[in-house]
Amino acid sequence: MYKIPDKLKTNVRYIRSYEDYLDSDLYGATFPNQVVLDVETTGLDPFAGDEVFAIGLGMLVDDYIYIITYNVNDLDMFNMFKWVLLNPFITKIGHNIKFDLQMCAQSDIVVNGDFDCTLLMSRLFFRDQPAFGLKTLGKLVTGVNYTDAGWDDGLKVYLRKAKSASTREGHAPDTVNYSSVPWDIMQTYLENDIWHTFILYYVVSHTVKTEMLEAYTVDKGATWVAMAIEQRGIKV
């Protein structure tokens, strides 16, 4: 387990609605030049009609991690934070952010600016790590297991029951996806992903950007090229 400042573990504030934002210290504050971005989608293939249905943002402001989550149909929240996505001077951080950016592009959600990918960084930082999923790396850096903590229990239980019911009704299991899950369950799941991405970035980014910058720059460049090719309709 890695040394993580207590403030990053305990000083977490959640913005779950427009009213939460207006009542928070984040309202009127200066936003940082780096934010964690995570999206939830109806599936995993942006080229097969899958799309974004929820967006999460995470940022450090005045020693507090603010985690903002909203459904794209919540127009008050979507329009309030659209400028963060559009701002070319704010770097977007994500775990396998290539997926998030592709899904946003296919959903006509414009995201500008540079990006940092904790998946690319982790492959350099944890050279001998056999798996690089966010849950695996989250346990590695925090010492807390998603499953043991029960953070995704609600999601797993709901999906299992919903898929079973869908199958009994004669539908294919894949007709049930994350967008079918009640928002309060999905919101908690998204918040945990954002927090773990934030902590992971804190652990790996300094070393990668100082001691492994050349390799990371090459990997980022390859990711940009792959995204550009795929968005033109040529899968790689």
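Here we summarise the structure given alongside this text.

Cut-offs and rules
- Residues numbered from 1 in each chain as written.
- Predicted model: local features only at pLDDT ≥ 70, side-chain atom pairs only at ≥ 80, totals over all residues.
- Heavy atoms only, no water.
- Buried < 20%, exposed > 50% of the residue type's maximum accessible area, 1.4 Å probe, protein only.
- Helix = DSSP H or I, 4+ residues; strand = E, 2+ residues; numbered from the N terminus.
- Pairing = 2+ DSSP bridges.
- Salt bridge = Lys/Arg side-chain N within 4 Å of Asp/Glu carboxyl O.
- Axes fitted to C-alpha atoms, helices over the stretch in contact; angles between N-to-C directions.
- Contact = heavy atoms within 4.5 Å.

A few points about the pairing of strand 3 (residues 52-61)
Right, so step 1: Among the 10 residues in strand 3, nine count as buried, and that is most of the element.
Right, so step 2: Here six bridges tie strand 2 (residues 34-41) to strand 3, and the two strands are oriented antiparallel to one another. Note on strand 3: the bridge partner recorded for Val 36 is Gly 58.
Right, so step 3: In this sheet, strand 4 (residues 64-71) lies alongside strand 3 in antiparallel orientation, the contact comprising eight bridges.

Regarding the pattern of salt bridges
Two side chains bearing opposite charge may form a pair once their charged atoms approach each other closely.
Right, so step 1: Under the criterion given, the structure shown has six salt bridges.
Right, so step 2: Arg 13 is the partner of Asp 25 in a salt bridge, and the nearest nitrogen-oxygen pair spans 3.1 Å. With Asp 25 in the loop between helix 2 (18-23) and strand 2 and Arg 13 in strand 1 (residues 12-15), the pair connects residues that are 12 residues apart, well separated along the chain.
Right, so step 3: Residue Asp 25 is classed as exposed on the basis of its relative accessible area of 56%.
Right, so step 4: Its relative accessible area of 28% is what places Arg 13 among the partly exposed residues.

Let's talk about the sheet that holds strand 6 (residues 115-117)
Sheets are built from strands paired through backbone hydrogen bonds, the pairs being either parallel or antiparallel.
Right, so step 1: Taken in spatial order, the six strands of this open sheet run 1-4-3-2-5-6, and their pairing is mixed. Where the open sheet ends on each side, the last strands, each with one partner, are strand 1 and strand 6. The average undirected angle you get between the axes of adjacent strands in this sheet is 25°.
Right, so step 2: Most of the contacts of helix 3 (residues 75-86) go to strand 4, to which it runs at about 125°, and overall it touches strand 1, strand 2, strand 3, strand 4 and strand 5 (91-94).
Right, so step 3: In the packing of helix 9 (residues 183-211) onto the sheet, contacts are made with strand 1, strand 2, strand 3, strand 4, strand 5 and strand 6, and the angle to strand 4 comes to roughly 135°.

Let's talk about the pairing of strand 2
Right, so step 1: Counting buried positions over the eight residues of strand 2 gives seven, a clear majority of the element.
Right, so step 2: Here strand 2 runs beside strand 5; their pairing, made up of three bridges, is parallel. Opposite Gln 34, over in strand 5, you have Thr 91 as the bridge partner.

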